Amino acid sequence: MDPRYDPAVIEAAAQERWRRERAFHVVEEPERPKFYCLSMFPYPSGKLHMGHVRNYTIGDVITRYQRMRGRNVLQPMGWDAFGLPAENAAIANGVPPAKWTWDNIAYMRRQLQSLGFALDWEREIATCDPRYYRWNQWLFLRLLERGLVYKKTGTVNWDPVDQTVLANEQVIEGRGWRTGAVVEKREIPMYYMRITAYAEELLAALDSLPGWPERVRIMQANWIGRSEGVEIGFPYGAGAGTLNVFTTRADTLYGATYVAVAAEHPLAVRAAADNAELAGFVERCRQGSVMEADLATLEKEGMDTGLQVIHPLTGDRLPVWVANYVLMGYGEGAIMAVPAHDERDFEFARKYGLPIRQVISNAIEERRRRGDADVAGPENVRFDFEVTLWKPWYAEQEGEVTSFCVNSGPLDGLPHQAATDRIAALLEEKGLGRKRIQFRLRDWGISRQRYWGCPIPIIHCAVCGEVPVPDEQLPVVLPDHLVPDGSGNPLSGDHAFLDCKCPGCGAAARRETDTMDTFVDSSWYFLRYPCADQSRAMVDERTQYWLPVDQYIGGIEHAILHLLYARFWTKAMRDLGLIGIDEPFSNLLTQGMVLNEIFLRRGEDGRITYFNPADVDLETDARGQRTAARLRADRLPVESDGMGTMSKSKNNGVDPQALVDRYGADTARLFIMFASPPEQTLEWSDAGVEGAYRFLKRLWRLAADHLAAGAAGAVNAAALTQAQRDLRRKIHETIAKVDDDIGRRCTFNTAIAAVMELTNALSRADDPTPAGRALMREGIEMSVLLLSPIVPHITDAIWRELGHTGSLMDARWPVAEPGALTRSTVDLVVQVNGKLRGHVAVAPGAAQEDIRAAALGNADVRRFTDGREIRKVIIVPGRLINIVVA
RNA sequence: GCCGGGAUGGCGGAACUGGUAGACGCGCCGGACUCAAAAUCCGGUGGUGGCAACACCGUGUGGGUUCGAUUCCCUCUCCCGGCACCA
């Protein structure tokens, strides 16, 4: 065995053999347990970034582990190939998005292969391939037939200069990214998918996903936002219908002092028609972006419409305001405002001098008011209702402080739920309200006014209207030679695409030029890998075999949208009879982002220049504390701006290719798995990479030194010295630990640390006896097996050097021998008043009395207990004794 | 603004179910090898005090529960992800 570790040679050899043997290609074997291991497919942006390497290494470790456990494992890969960056590249370089995308795919595929991932490339898909996206179109038509796709207007960002729709990302501080023009909101017709039809199931089924992180399920539940409330009609007065609002606090109806509608609400539009000032306000509300984050931080503004509605119970006339904090997209686009008990209404009412009327009180305040001396005191002052100051208890429903209605006629004295029930009954009698469930979730608008996406299969006919493209004419193929220039969709000017015949009447007609949201592409790609070559159907029986995905791995940033849309599509396809599963992903692992330090200099003109950490040298003092950071080129200091996600704009990316070229794929894989647990953010460290490389060199040398000393026999467990038994226990404890860390916990960092501990122990062993040599061989073999999912190339090479002829990838995953794990004594910690004071060694399973006596008799312990009263002795079996003294 | 998450030595992190805080790695210090350096190997390394044995302090802030809290509860601060057209 070559004493020098040469990753370039061994990695190329292993990869070539895997390719020749089609080692990663799998076929359906119904009698074997299957395992579908899926990583989120990449957008082909040009080259891999560290986030990809992390994502796919996690998936590869799980894949190889499950394979060694005997499962039939599918790990596919493909390309989320439609989207905005291809159009941006076209604008910048004049290259057609299709060519740019396919070139990127070819390059990134080679990169993935060089990292040694066990991917079945024979199932590769790209969403920009008509053989894939024709099934987007086909399913769109099926959903259209069932009313799950429909058309209505939606609000978009409009750049008035470029005359084009902008993505949220293209709106910078309310202005268009290219033109700098103030962005407007514009209403345009769009196709929607009726995801809200599945809202109840999408919410309820979260409970059936124990393999998902709690935080993702909570985020999805909050996103769906089911709330039970009451829809209330405020009559316009002259017998002309009602203004409807939805509220979860119908019990505060008597405190409603005004009604507010969104600027887009029909009532606001009507009122603005003959009120110039109001029209101006509504117009101002139309400025700026459509993003909720922007809207939610706006200063609350509003204007009286001059219109009034009638309170359904008191008959009072309430003013109708237009308010920018009322969202058209939620509920009815109108609210009843109860300033006394809603913080936003309170702020608004204070600003515009609208009346505030208390209708909720609480027991403590009421007792104070009646002069109950027991509750009089400074600590209860905060329960005074005060009209100038907001206090959180105003908005309490029922909690520790019992609240109930006041100043509310028939509701007085009732708590929240009873009052809500009463109000609903009273309103229902009058035909002015009913209980209703409202979701925060909105239907999914899928129309995009863009070129580089899947065409929506609709034909516009002057006679027949909007006509679905017949199935036999699918796919509607996107022309691949166009080059967008940033001023609208080039499809609108491409007559070869545009012009067609109406399938209904045969007249000349025009194709729909909107394309689909790229979330559509990614909502079902995992169903297509199993049958990527199937040309006659969207999915087939192979989909049935592989689904659901047993382990899905991807970035936490997809916790809501992508995962919710994919769940919705799965359910919709199930209801079309295409698949037999309810949920697509049984287990979900959400990886954290990859960060790196940001270095910069601020110029005199305030301009910031960013420097790549690879070009910066760090200086430290004698303790290792950072003293300076200097740019290598000019030796002058640069400023650190902390850690941030690797990005082009901050110039703090690390190119995975450079890493692989210098250290090899195994070092890259090892470092990225060792640096932090997968769900946490990962901070890049060049020194850490060196450390990973050093470990692999040590592992290699350990094996080479062992082999150089000649053959070793098998371990005879019955004839070992105490030191040998201890080492053997370490070997088998490591097996148990690594199996648990990889198989159950997915904490690959601690699995690697455990093997490092083992190889450290092996290096120190220095035992030339036959038994010692046999133990060394067992230890090296186990280390190689346990590390093989993480660093498959070096372990494959050592495995062969050890004389094995079969493929390591298909070797049996090791299992700890129970006999090797037993101990003759257990070390217990002794605490006095919770502080560590001593240790005692006892036999496993020693009686409590004996443990107690050993602890109390321990000399280190008696220094702290002698002369003091022993009040209590707590014994935690196998762990510690805590002696409580006075 | 709203929803979700995070904060532990000089640094990344470990401590899994409330039970020895700092595993493993990096960095740093000392030593071996070398003409020398690199590489490699050996030893040390949370802070403060002490010659030492040892003691005290210590898991973002302030409080609480407990025999015992990095872990559970409340408060605050800062950082990160998402907010429906980036993917």
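Structure shown above.
First, a word on scope: everything that follows refers to the structure included in this document.

Rules of the game
- Residues numbered from 1 in each chain as written.
- Chains lettered and ligands numbered in written order.
- Predicted model: local features only at pLDDT ≥ 70, side-chain atom pairs only at ≥ 80, totals over all residues.
- Heavy atoms only, no water.
- Buried < 20%, exposed > 50% of the residue type's maximum accessible area, 1.4 Å probe, protein only.
- Helix = DSSP H or I, 4+ residues; strand = E, 2+ residues; numbered from the N terminus.
- Pairing = 2+ DSSP bridges.
- Axes fitted to C-alpha atoms, helices over the stretch in contact; angles between N-to-C directions.
- Phe/Tyr/Trp six-rings, centres within 6.5 Å; stacked < 30°, edge-to-face > 60°.
- Lys NZ or Arg CZ within 6 Å of the ring centre and 35° of its normal.
- Left-handed = near helix turned anticlockwise from the far one by under 90°.
- Contact = heavy atoms within 4.5 Å.
- Nonpolar A, V, L, I, M, F, W, Y, C, P; charged D, E, K, R; others polar.
- 1 Å grid on protein atoms, 1.4 Å probe; cavity = no way out; pocket = protein on both sides within 12 Å on 5 of 7 lines; lining within 4 Å.
- Points joined across faces, edges and corners; volume = space filled by probe spheres on them.
- Core = buried A, V, L, I, M, F, W, Y, C linked by side-chain atoms within 4.5 Å.
- Salt bridge = Lys/Arg side-chain N within 4 Å of Asp/Glu carboxyl O.

Going residue by residue along strand S12 (residues 258-261), you find Tyr-258 and Ala-260 tucked away on one face and Val-259 and Val-261 tucked away on the opposite face as well. Pairing of S12 with strand S15 (residues 334-337), which is carried by 4 bridges, proceeds in the antiparallel orientation. Its bridge partner being in S15, Val-259 is matched across the sheet by Met-336. In the sheet, S12 pairs with strand S14 (residues 317-323) via 3 bridges, with the strands oriented parallel. The partner of Val-259 across the bridge, within S14, is Val-320.

A sheet is described by the order of its strands in space; here 3 strands give the open sequence S11-S10-S18, paired in antiparallel fashion. Edge positions in the open sheet fall to strand S11 (242-247) and strand S18 (433-439), since each of these has one partner strand only. With direction set aside, neighbouring strand axes in the sheet form an average angle of 35°. As paired elements, strand S10 (residues 226-235) and S11 share 6 bridges and run antiparallel to each other. Counterpart to Gly-233 in the pairing with S11 is Asn-244.

Okay, the packing of aromatic side chains next. Going through the model one piece at a time under the given rule, you end up with 32 aromatic pairs. Ring centres of Tyr-5 and Tyr-693 lie 6.1 Å apart, and the angle between their planes is 40°; this geometry places the pair in the tilted category. Taken together, the positions of Tyr-5 in the segment before helix H1 (7-20) and Tyr-693 in helix H21 (residues 686-708) put the pair 688 residues apart, joining distant regions of the chain. A residue is classified by how much of its surface remains accessible, and Tyr-693, at 15% relative accessible area, is buried. With centroids separated by 5.7 Å and ring planes inclined at 75°, the aromatic side chains of Tyr-525 and Phe-526 adopt a geometry described as edge-to-face. Comparing Tyr-525 with Phe-526 shows no difference in burial state: the two are buried. Aromatic ring contacts, followed pair by pair, group Phe-41, Tyr-525, Phe-526, Tyr-529, Tyr-552 and Phe-585 into a single cluster. One cation-aromatic arrangement involves Arg-186 over Trp-158; the distance from NZ or CZ to the ring centre is 4.1 Å. Taking NZ or CZ as reference, Arg-567 lies 5.9 Å from the ring centre of Trp-212, over its face.

In this section: the packing of H21 against helix H24 (residues 770-787). Two elements in contact, H21 and H24, have axes whose closest approach is 10 Å; the angle formed by their N-to-C orientations is 145°. Once H21 is placed against H24, the crossing between them reads as left-handed. Facing H21, whose interface residues are Phe-695, Leu-699, Leu-702, Ala-703 and His-706, H24 presents Arg-773, Met-776, Arg-777, Ile-780 and Leu-787. Tallied by class, the residues present in the contact of H21 with H24 amount to 7 nonpolar, 1 polar and 2 charged.

Counted according to the given criterion, the structure contains 6 cavities of 30 Å³ or more. Quantified by volume, the largest cavity comes out at close to 160 Å³. In terms of lining, the largest cavity is formed by 19 residues, of which the most central are Glu-87, Thr-164, Gln-170, Arg-450 and Gly-486. Looking at the lining of the largest cavity, the elements that each hand over two or more residues are helix H3 (84-93) and strand S6 (164-166). At 4 residues, H3 tops the list of elements feeding residues into the lining of the largest cavity. When its volume is computed, the second largest cavity comes out at roughly 70 Å³. Along its surface, the second largest cavity is lined by Trp-18, Arg-64, Met-68, Ser-788, Pro-789, Pro-792, Thr-795, Asp-796, Leu-808 and Met-809. Elements supplying a minimum of two residues to the lining of the second largest cavity: helix H2 (50-68) and helix H25 (792-801). If you tally residues by element for the lining of the second largest cavity, the top one is H25, at 3 residues. Residues belonging to the lining of the second largest cavity are distributed by class as follows: 6 nonpolar, 2 polar and 2 charged.

Counting residues in hydrophobic clusters, the biggest one holds 168 residues, and the most contacted among them are Phe-140, Tyr-525, Phe-526, Trp-569 and Trp-684. Non-local contacts of Trp-684, meaning those with residues more than four positions away in its chain, are made with Met-50, Val-594, Leu-595, Asn-596, Met-646, Val-654, Leu-659, Phe-671, Ile-672 and Val-689. Residues Leu-253, Leu-318, Cys-405 and Leu-426 belong to the second largest nonpolar core, which totals 39 residues.

With that out of the way, let us pick up the pairing of strand S37 (residues 880-885). As judged from the 4 bridges shared by strand S34 (residues 826-832) and S37, these two strands associate in the parallel manner. Note on S37: the bridge partner recorded for Val-830 is Ile-881. Connecting strand S36 (residues 870-876) to the antiparallel partner S37 that follows it, the hairpin turn spans 3 residues, and Gly-878 within it adopts a positive phi of roughly 75°.

Taken as a whole and judged by the stated rule, the model has 58 salt bridges. Residue Asp-120 is joined to Arg-123 by a salt bridge in which the shortest nitrogen-to-oxygen separation is 2.9 Å. Here Asp-120 matches Arg-123 in class, with each residue buried. Between Asp-575 and Arg-574 there is a salt bridge whose closest N-O contact spans 3.0 Å. Several salt bridges converge on common partners, so that one network encompasses Glu-201, Arg-567, Lys-571, Arg-574, Asp-575, Asp-582 and Glu-583.

All quantities given are derived from atomic positions and should not be read as evidence of function.
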